[in-house]
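Tertiary structure, described
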Amino acid sequence: MKALFSDGSVREEEDALHVLRHTTSHVLAQAVKRLYPETKLAIGPAIADGFYYDVDREGGFTDADLEKIEEEMRKIVKENLKVETFTLPRAEAIKLMEEKKEDYKVQLIKDLPEDAAISFYKQGEFTDLCAGPHVLYTKQCKAFKLTSLAGAYWRGDEHNKMLTRIYGTVFENKEDLDKYLAMLEEAKKRDHRRLGKELGIFMFSEEGPGFPFFLPNGMTLKNTLLNYWRGIHFPEGYKEISTPLILNKHLWEMSGHWDHYKDNMYTTTIDDEPYCIKPMNCPGSTIVFASESRSYRDLPLRLGEFGIVHRHERSGTLHGLFRVRCFTQDDSHIYVTPDQIEQEITNVVRIIDRVYRQFGFKYHVELSTRPKDSMGSDEDWENATNGLIHALGTIGLPYTVNEGDGAFYGPKIDFHLEDSIGRTWQCGTIQLDFQMPQRFNLEYVGADGEKHHPVMIHRVVFGSVERFMGILIEHYAGKFPVWLAPVQVKVLSVSEKSREYAAKVTSRLMAAGIRVENDARDEKIGYKIREAQLQRVPYMLVIGEKESEEGTSVAVRSRDRGDLGSCTTEEFISTVLRQNAERQD
RNA sequence: GCCGCUGUGGCUAAGGGGUAUAGCGACGCCUUGGUAAGGCGUAGGUCGAGGGUUCAAUUCCCUCCAGCGGCUCCA
């Protein structure tokens, strides 16, 4: 697509959508200024699937305003204004924006380098500070739609004023826009919050905002995942422990949590003593480590725990199973000698990759470095961070750096997974920690007969089992593979005459260890199939008079492939058991 | 927590100053039906909670709670 660059030249620009979106954000700002001239403009960039503009107006905006703005934007598009650009020296640029009373723009210019020439873009009566590039005429922005209204802090800092952010999207033509909107509709159908309810996996109650309830199907899914986890980890030398939910407050003071994490911690009192409900499992694990003397021969010591943690998250941040106040971490704390760090991190990365591959997940990796609020010496942090960088380099894993997002006790490697609409959520993480072993005075006896502090690796693969389940639900759109399906087989009797044999088949499958349910209701077979299908049960066994009389066979219907014809019950059982054992999709 | 929106039987929704509708589901009866909804009937709601305005509030106003989309924060 041809684009107008800030040097005044018109050249081809690869990322057509980006340019188009950026220009449409200007069209949005222009419409807002026409309708509400007192509004001050902040920033208006193109983003992954659209654009936004942050604006500041006394009283804000409502959904009704959005419609008016959209209408005005349509006019601007129709006027087909020519987009022009010009540059000004800094002082004049500031003067221009001051005249227009665009306080935020003035601030933006003042933050640019002293000697920079400041570029502007102009369409009709509207002029905006902008680096460009832009499309050539406003008519190109016709396939747009404003999508939502939100608050956003000036410069992303919650101490600053909250502005109104207007979100929209635009495509090169109406078909693409409609396709995108239809895709969003489709994605809504796989939303884990909706499917979680429909499939009887989990629920929430007003009595406990952010605290999920797991229903029978959800517990089956969760336990299946945990057993899969055990099957992966035990052969890798992990041992499983369990530590208390509630521990004395002084432990949390010692670990540093009270200093650095207390805003997220729930507390209680027992016998007049203050206690904390654990937000992390590490202090409990250190108590286990310290409970007996350890030798270098015991290391790496890999202590795993399905730890239930409670964290106070701000009410506006809760989001289905993705962001809760109580969740299960598939946690492990690995105690190593300094020269075991790299090998052990490599092992963990391999496990995480193996697990994510099992589910066919795409993921990306981030290295999170020292946050502002942290503890420990500069030297420790540097060593730990370099250790992670070195390990990542050795493995050859591509990653981006997430500055200042580490844990308060150490840097970390984060693994992010995508949900159904492309938002990413941190799941796996590997954290390198020199602090806890010092704070809790953890020691092992080295080959030299001296005592040494071990290094602690905190790591999770699923991350939060709850969040992981949410991702899984959306990934499969509820159609779990046989090995994960809460109900693997549904037996459907055609009529009363086949009830007895259906019950027999059900018990035979149950005895074989298959998760099976028998639908013996007085309903037509089509109705029962519809229901089982909506519940995404992988296999349905249709049991009618034919099967009852024959006595050894079943008619198999697959959720994905429809009627498969009949086979013997034993054949069917071995098929399901094999798919279950091999974890086939 | 902040900004905007939403909150009606188990679920999905309609309605709107004169105390409520429908579909699905549940239950009962009839039907015994072979691969995605058989028929008839019955029950079920202090319209999120608390205040206010009004002769009268589920409807208008305020506060709170919860949910949704974002921001900030994070597994």
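Here is a short report on the structure shown in this document. For every chain, the first residue of its written sequence is number 1, and the numbers climb from 1 along that sequence. Chains and ligands are labelled by the order in which they are written, letters from A for the one and numbers from 1 for the other. Per-residue local features of the predicted model are confined to residues with pLDDT of at least 70, and side-chain atom pairs are confined, for both listing and counting, to 80 or more; whole-chain, interface and lining totals are unaffected and use all residues. Water and hydrogen atoms were dropped before computing side-chain values, which therefore reflect all heavy atoms in the structure.

With that out of the way, let us pick up the overall build of chain A. Secondary structure is summarised from DSSP: a helix means a run of H or I of at least four residues, a strand means a run of E of at least two, and numbering begins at the N terminus for each. Counting secondary structure elements, chain A contains 18 helices and 31 strands. Dimensions along the principal axes, computed over C-alpha positions, put chain A at roughly 85 × 75 × 50 Å. Counting over 585 residues, chain A shows a buried share of 51%. Here a residue-residue contact requires only that any non-hydrogen atoms of the pair lie within 4.5 Å. Within chain A, contacts between residues separated by at least 24 positions form 70% of all contacts whose residues are at least 6 apart in sequence. Total accessible area on chain A is roughly 27700 Å²; 49% of this is exposed by carbon and sulfur atoms. Taking the average location of the 76 positive side-chain charges in chain A and that of its 92 negative ones, the two points are 5 Å from each other. Burial here depends on accessible area, computed with a 1.4 Å probe over protein chains only, as a share of the maximum for the residue type. Under 20% is buried, over 50% is exposed, and the range in between is partly exposed. Under the convention used here, a 1.4 Å probe and the Shrake-Rupley method define accessible areas, while residue burial counts only the protein chains that appear. Charge assignment: positive for Lys and Arg, negative for Asp and Glu; neither His nor the chain ends contribute. One atom stands in for each charge, and that atom is NZ of Lys, CZ of Arg, CG of Asp or CD of Glu.

Moving on, we get to the packing of aromatic side chains. Stacked, tilted and edge-to-face pairs are distinguished by plane angle, under 30 degrees for stacked and over 60 for edge-to-face with tilted covering the rest, among Phe, Tyr and Trp rings (Trp via its six-membered ring) whose centres lie within 6.5 Å. Within the structure shown, the criterion is met by 26 aromatic pairs. On the numbers, 5.9 Å between centres and 80° between planes, the contact of phenylalanine 202 with phenylalanine 204 is edge-to-face. Judged by centre distance (5.3 Å) and plane angle (90°), the rings of tyrosine 539 and phenylalanine 572 are edge-to-face. Taken together, the residues span a long stretch of sequence, with tyrosine 539 in strand S29 (residues 539-543) and phenylalanine 572 in helix H18 (residues 569-582) at a distance of 33 residues. Phenylalanine 572 matches tyrosine 539 in its accessibility class, with the two residues each being buried. Through pairs of rings, three or more aromatic residues link up here, namely Tyr228, Tyr356, Phe359, Phe361, Tyr363, Phe415, Phe462, Phe468 and Trp483. Counted as over-ring charges are cases with an Arg CZ or a Lys NZ within 6 Å of the ring centre that also lie within 35 degrees of the ring normal. For the cation-ring pair, arginine 57 lies above phenylalanine 61, with the distance from its terminal atom to the ring centre recorded as 5.0 Å. Its guanidinium or amino end placed over the ring of phenylalanine 214, lysine 222 lies 5.1 Å from that ring's centre, counting from NZ or CZ.

To continue, consider a nonpolar patch on the surface. Think of a patch as exposed residues, more than 30% relative accessible area, with no salt bridge, where like charges cluster within 9 Å and nonpolar side chains (Val, Leu, Ile, Met, Phe, Trp, Tyr) cluster within 5 Å. Here, a salt bridge means any side-chain nitrogen of Lys or Arg that lies within 4 Å of a carboxyl oxygen of Asp or Glu. A contiguous nonpolar patch, built from Leu245, Ile246, Ile270 and Ile308 and spanning about 280 Å² of accessible area, is present on the exposed surface. Checked against the element boundaries, isoleucine 308 lands in strand S18 (residues 301-310). Relative accessible area serves as the criterion here: at 34%, isoleucine 308 is assigned to the partly exposed category.

Once that is clear, we can look at unusual backbone geometry. Residue glycine 132 is joined to proline 133 through a cis peptide bond whose omega torsion reads 0°. If you trace the backbone, proline 133 turns up in the loop between strand S8 (126-129) and strand S9 (143-153). Here the amide bond leading from leucine 299 into proline 300 is cis, since omega sits at -5°, within 30 degrees of zero. Phi angles above zero are rare outside glycine, and arginine 155 is one such case at about 60°. The topology assignment puts arginine 155 in the loop between S9 and strand S10 (162-171). Despite not being glycine, arginine 536 has its phi angle at roughly 60°, a positive value. Structurally, the position occupied by arginine 536 is in the loop between helix H16 (525-534) and S29. For arginine 536, a relative accessible area of 18% puts it in the buried group.

Let us now look at the nonpolar core. Counting 57 residues, the largest nonpolar core has Ile345, Tyr356 and Phe359 as its most contacted members. Among the elements that line this core, the one with the most residues is helix H11 (residues 341-359), at nine residues. In contact with phenylalanine 359, not counting residues within four places along its chain, are Leu225, Tyr228, Phe462, Phe468, Leu472, His475, Tyr476, Trp483 and Leu484. Residues belong to one nonpolar core when they are buried, are Ala, Val, Leu, Ile, Met, Phe, Trp, Tyr or Cys, and are joined through side-chain atoms within 4.5 Å. Ranked by size, the runner-up nonpolar core spans 28 residues in total, among them Leu41, Leu81, Val135 and Val170.

Let us now look at the protein's contact with RNA strand B. In this text, near means that some heavy atom of the residue lies within 4 Å of the molecule or strand in question. Residues in contact with RNA strand B amount to 58 residues; listed here are only the nearest, Tyr153, Gln426, Ser495, Asp522 and Arg530. The share of sugar and phosphate among atoms of RNA strand B within 4 Å of the protein is 52%. Counting of polar contacts relies on pairs of N or O atoms within 3.5 Å, with two restrictions inside protein: one atom must be capable of donating a hydrogen and the other of accepting it, and residues adjacent in sequence are counted only when both atoms are side-chain atoms. Interatomic distance of 2.4 Å between a side-chain N/O atom of tyrosine 153 and a base nitrogen of RNA strand B. A distance of 3.4 Å separates a base nitrogen of RNA strand B from a polar atom in the side chain of glutamate 313. No other element matches the seven residues that H16 contributes to the surface near RNA strand B. Any residue that is not Ala, Val, Leu, Ile, Met, Phe, Trp, Tyr, Cys, Pro, Asp, Glu, Lys or Arg is counted as polar, Gly included; the first ten are nonpolar and the last four charged. For the surface near RNA strand B, a count of residues per class yields 20 nonpolar, 14 polar and 24 charged.

Residues lying three or four places apart along an α-helix face the same way, a consequence of the helix completing one turn every 3.6 residues. Its 17 residues give helix H2 (residues 63-79) an end-to-end C-alpha distance of 25 Å, which sits within 8% of 24 Å, the value for a rise of 1.5 Å per residue. Every buried residue of H2 is accounted for by Asp65, Leu66, Ile69, Glu70, Glu72, Met73, Ile76 and Val77. Against helix H1 (16-35), S9 and S10 lie the buried residues of H2. Within two residues after H2, asparagine 80 carries a phi angle of roughly 50°, on the positive side. By this rule the span expected of a helix is its residue count minus one, scaled by 1.5 Å.

Turning our attention to the sheet that holds strand S13 (residues 238-240). An order of S13-S18-S19-S26-S23-S22-S20-S21 is seen for the eight strands of this open sheet, with the pairing classed as mixed. Strands at the two margins of the open sheet, each flanked by one partner only, are S13 and strand S21 (400-402). Averaged over all pairs of adjacent strands, the angle between their axes in this sheet comes to 30°, without regard to strand direction. The pairing criterion is simple: DSSP has to find at least two bridges between the two strands. Two strands pair when backbone bridges link them, and strand S19 (residues 326-336) and strand S26 (residues 455-464) are joined in this way by seven bridges, in the antiparallel orientation. The residue of S26 that forms the bridge with isoleucine 334 is isoleucine 457. To get an axis, fit a line to the C-alpha atoms, keeping to the stretch in contact for a helix; angles then go from 0 to 180 degrees between the N-to-C directions. Strand contacts of helix H14 (residues 465-476): S19, strand S22 (412-418), strand S23 (424-433) and S26, with the helix running at about 35° to S26, the strand carrying the most contacts.

Turning to the environment of arginine 578, a few remarks are in order. Within the secondary structure, arginine 578 is located in helix H18. Residue arginine 578 is classed as partly exposed on the basis of its relative accessible area of 41%. For the pair arginine 578 and glutamate 292, spaced 286 residues apart in the sequence, the C-alpha separation amounts to 43 Å.

If you check which residues of helix H4 (residues 103-110) are buried, you get Tyr104, Lys105, Val106 and Ile109. Of the surrounding elements, those touching the buried residues of H4 are strand S3 (40-41), strand S5 (50-56), helix H3 (90-99), strand S7 (118-123), S8 and S10.

Let's shift gears to the pairing of S7. Within S7, five of the six residues are buried, leaving the element largely enclosed by the surrounding structure. Pairing between strand S6 (residues 83-88) and S7: six bridges, direction antiparallel. Among the inter-strand pairings, threonine 87 is bridged to a residue of S7, identified as serine 119. Sheet topology places S7 next to S8; four bridges connect them, and they run antiparallel. Along S8, the bridge assignment pairs glutamine 123 with phenylalanine 126. If you look at the hairpin formed by S7 and S8, you'll find two residues sitting between the two strands, and glycine 124 has a positive phi there, around 60°.

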